[in-house]
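Single-letter residue listing:
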Amino acid sequence: MDNNSTPLIQVKNLSKSFGTNLILNDISMDINKGEKVVVIGPSGSGKSTFLRCLNLLETPTGGDILFGDANLTDPKTNINLHRQNMGMVFQQFNLFNNKTVLQNIMLAPMTIYGKNAKKSGKSKKQYEEECREKAMSLLKRIGLEDKADVYPSTLSGGQKQRIAIVRALAMEPDVMLFDEPTSALDPEMVGEVLDLMKELAEEGMTMVVVTHEMGFAKEVADRVVFMCDGIIAEEGAPNEFFSNPKNPRLAQFLQKVL
Amino acid sequence: MEVLRDFFIKLWERFDRSFLEQDRWKMYFEGLGNTLIIALIATIIGTTIGVIFAMIKYVNKRTGRLNILNKIANVYITIIRGTPVVLQLMILYFIVFSGWDNGILIGAITFGLNSGAYVAEIARAGFESVDDGQMEAGRSLGMSTAQTMFHIIIPQAIRNCLPPLFNEFITLVKETAIVGYVGIMDLGKIPGLIQSRTFDYLFPLLIAAILYLVVVMILTKILHIIEKHFSKSDRRNGGK
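One structure accompanies this document, and this report is about it.

Basis of the calculations
- Residues numbered from 1 in each chain as written.
- Chains lettered and ligands numbered in written order.
- Predicted model: local features only at pLDDT ≥ 70, side-chain atom pairs only at ≥ 80, totals over all residues.
- Heavy atoms only, no water.
- Pairing = 2+ DSSP bridges.
- Helix = DSSP H or I, 4+ residues; strand = E, 2+ residues; numbered from the N terminus.
- Axes fitted to C-alpha atoms, helices over the stretch in contact; angles between N-to-C directions.
- Contact = heavy atoms within 4.5 Å.
- Phe/Tyr/Trp six-rings, centres within 6.5 Å; stacked < 30°, edge-to-face > 60°.
- Buried < 20%, exposed > 50% of the residue type's maximum accessible area, 1.4 Å probe, protein only.
- Lys NZ or Arg CZ within 6 Å of the ring centre and 35° of its normal.
- Patch = residues over 30% accessible without salt bridge, like charges linked within 9 Å, V, L, I, M, F, W, Y side chains within 5 Å.
- Areas by Shrake-Rupley, 256 points an atom, 1.4 Å probe, with all protein chains shown as cover.
- Salt bridge = Lys/Arg side-chain N within 4 Å of Asp/Glu carboxyl O.

All names here are of chain A. Strand order in this open sheet of 6 strands is β6-β7-β8-β3-β9-β10, and the pairing throughout is mixed. A strand with exactly one partner marks an edge of an open sheet, and here the two such strands are β6 (86–89) and β10 (231–236). Across the sheet, the mean angle separating the axes of adjacent strands is 15 degrees when strand polarity is ignored. Two strands pair when backbone bridges link them, and β6 and strand β7 (residues 175–179) are joined in this way by 4 bridges, in the parallel orientation. Across the sheet, the residue bridging to G87 is M176, located in β7. Strands β3 (36–40), β9 (223–228) and β10 of the sheet are contacted by helix α9 (residues 248–257), whose axis makes an angle of about 100 degrees with β9.

Once that is clear, we can look at the packing of aromatic side chains. In the structure shown here, the tally under the stated rule is 13 aromatic pairs over all chains. Seen from their ring centres, F166 of chain B and F169 of chain B are 6.0 Å apart, and the 40 degrees between their planes marks the pair as tilted. Remark: F169 of chain B and F166 of chain B occur in helix α7 (residues 145–175); sequence separation between them is 3 residues, near one turn of the helix. Judged by its relative accessible area of 15%, F169 of chain B is buried. Grouping aromatic residues by their ring pairs yields a cluster made of W12, F15, F19, Y28 and F203 of chain B. The ring of F96 of chain A has R167 of chain A lying over it, and the distance from NZ or CZ to the ring centre is 4.4 Å. Geometry around F242 of chain A places K218 of chain A over its ring, the cationic atom sitting 5.4 Å from the centre.

Glancing now at a nonpolar patch on the surface. All names here are of chain B. Among the surface-exposed residues, I158, L202, L206, I210, V214, I218, I222, I226 and F230 lie close enough to one another that they form a single nonpolar patch of about 710 Å² accessible area. The element that contributes the greatest number of residues to the nonpolar patch is helix α9 (residues 202–230), accounting for 8 residues. On the secondary structure map, I222 appears in helix α9.

Coordinates in, geometry out; function isn't part of it.
Here it is in structure tokens:
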């Protein structure tokens, strides 16, 4: 297979219901390597559920999700292995409260790859040192290296979210999933988080972003997706999408938020 | 003056008979030693059972796995909490372990099994007070449920349930006095034993009460220090 033409993520006929309540109704979507997909829509439209189905934080009730060669919805698939390549950023940051900032970033690489360190001829100490250096350089990148040894409870929302982003980056994922990353932030902190996300986008990271930030969608997205009542009501390149919406629900929605 | 002097001399004689005569003070401390051994072993058994059951219930609620174990835990907790501990003691002492002559160990096992059911509920509340996002964050990074439990959930759950857990330990120290019911020589049993020889209850009861009080006060102090240590990631203690 030609890697360039095969989408990184293929969503096929995805459905999800909670009890009798159908949240996602037969959704199909391809996400190519390097593509930035921004998902918008009114609350309750299923956009967060859609994102959380991509790494199986929610278990789909129907359909398939292919990530590279793996079918994530197959119960035999080791989901942990694939989640290592899918970073996720949450609305509520979800930094580990009992760990310092540095420990937050180092924990997953240490826990998951630490035991393989010996096979590659490194001692555990050496590997830990590598992890620490990498974590510190990530912190430098966001200008928070002086916060390495503090606990998350002392940080502002914007700092927490930027640390949550680099925590996910420490696993060197192939795709980053953002679940309303700026919705819980004070207005003056939204900018610093969006700037970091724009940087990632420029570096070519594959991104799926659920957000209410229309400015970000216009500027960064390769494709904007409007979800409504559990289906994809409209999708397209941002220019056409925002200036000439075809779906009346989308037109109505844009009128309210723009 | 005379009357007061006589009163104190009599009092001293009663104290002397209850505490010093025939080295009776040794009995109190042996009893205290047994009480502490029973409480310590019971705490270890109880915490182990409680935390395991609480983890089973937590994982079952989050993932739907471990269904059978969850049912077993529920039945266990219902039975233990629904019957008097003195009956549980008698059942273990006279029936289950009737062949053993190590009463202290039987007492410790009884209270361990009993405390396990209460610790399970305390620890379950501790686990539930940990934000769901913590588990999701761990899993989203590719760590397994077990790894996330070990590094993230359990440390936070323990910190959150320390005050009620310590309350349970302190209750346990005093509650074990029930083992005297089947003739185990703990601190609570000693006053009766000494009274049967001196026909005087005043000082034996007073001394035993003071010993319990001192132990509980020391324990409270120690547990307070531990609690402070665990709260270091709270906002007010921010830095390191």
